[in-house]
Amino acid sequence: MLKYTIYTILLLTTFFAGTSDAIAQYKIRGTVYDSTRRTPIQSVSVISSSGSGTMTNADGQYEIAVAEKDSIWFSYLNKPTVKFPILKIQNTFAFDIALNVNVPVLKEIKIRQRNYKQDSIQNREDYARVFDYEKPGLHAVRPSYGQAAGFDLNEIISAFNFKKIRSMRSFQRRLLEQEQDKFLEHRFNKGLVRRLSGLTEPAIDSFMTLYRPAYIFVLRADDYTFQLYIKESAERFKKGLPPMDMNLFFRNEEEEYN
């Protein structure tokens, strides 16, 4: 009888202990921010003293199951915070904290439609020093009161800096060539060629490479002349004929006009 009583007491003790543990389970939720309290931090470790753990998601949010007597702390880049006792957390559904770290946020990127004229103006502004470069020469210096007229010494020195002159001239030519290519591609574009010629890939790619007009022609030709060139060139391409002479094309146009 005594043995049965002891067994019953042990069984009830185990049952109530288990029930007590089950009742004492909590869920802590919240968000982890950086020091600005505006940017949520992803992949922050959230750890409890009982051994359970989780990590914040892309929105900096977390949820962790803990016991009543547990404490939790946060760790980011191997830097742990102090421990927070569960019993001292007033709002277990919104336990938000801010870590003493700054998370770099990329600046907003504004995408605008490509515009040849705007790009060209911007390019000129960015490389104004190169586009406006002139070979140094001898320039007389206007005399101030009490001084004789003379020459600018810096200009004289720069005039003999041949390496710099060649470099700037080369850079200037390269920028001008790039600007001309952009203008040519702006007028001689695949959309216009496809509409006027009826060509499709891969033939249109070959046509645009073989019949790419010269910059001076693209610059001089009005819309009617330029579109006529594309149409006639497409017919020559389909027949397997070589590109026509640009100067001859202009002469033919002038003769027809006269």
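Refer to the preceding data block for the structure.
For clarity, every value in this text was computed on a predicted model and none was experimentally measured. (Residues numbered from 1 in each chain as written. Predicted model: local features only at pLDDT ≥ 70, side-chain atom pairs only at ≥ 80, totals over all residues. Heavy atoms only, no water.)

Enquirer: Report on the pairing of strand E2 (residues 45-48), specifying residues and quantitative values.
Expert: Going residue by residue along E2, you find Val 46 and Ser 48 tucked away on one face and Ser 45 and Ile 47 left uncovered on the opposite face. Looking at chain direction, E2 and strand E3 (residues 53-55) are connected through three bridges and run antiparallel. Opposite Val 46, over in E3, you have Thr 54 as the bridge partner. Hairpin geometry of E2 and E3 is characterised by an intervening segment of four residues between the two adjacent antiparallel strands and by a positive phi of about 110° at Gly 51. Direction of pairing for E2 relative to strand E5 (residues 71-76): antiparallel, over a ladder of four bridges. Paired with Ser 45 across the strands is Ser 75, a residue of E5. (Buried < 20%, exposed > 50% of the residue type's maximum accessible area, 1.4 Å probe, protein only. Helix = DSSP H or I, 4+ residues; strand = E, 2+ residues; numbered from the N terminus. Pairing = 2+ DSSP bridges.)

Enquirer: Provide a residue-level description of the nonpolar core, including the pertinent values.
Expert: Within the largest apolar cluster, 20 residues are counted, with the highest numbers of intra-cluster contacts made by Phe 188, Val 193, Phe 207, Phe 217, Phe 226, Tyr 229 and Ile 230. Put simply, the parts of the chain that give this core at least two residues each are helix H5 (162-187), helix H6 (190-197), helix H7 (203-210), helix H8 (215-220) and helix H9 (223-239). Counting residues per element, this core draws most heavily on H9, which supplies four residues. Every residue in contact with Phe 188, bar those within four places of it in the chain, is listed here: Val 193, Phe 207, Met 208, Tyr 211, Arg 212, Pro 213, Phe 226 and Ile 230. Among the nonpolar cores identified, the runner-up in size contains 17 residues, and Ile 28, Tyr 62, Ile 64 and Val 66 belong to it. (Core = buried A, V, L, I, M, F, W, Y, C linked by side-chain atoms within 4.5 Å. Contact = heavy atoms within 4.5 Å.)

Geometric values such as these leave the question of function open.
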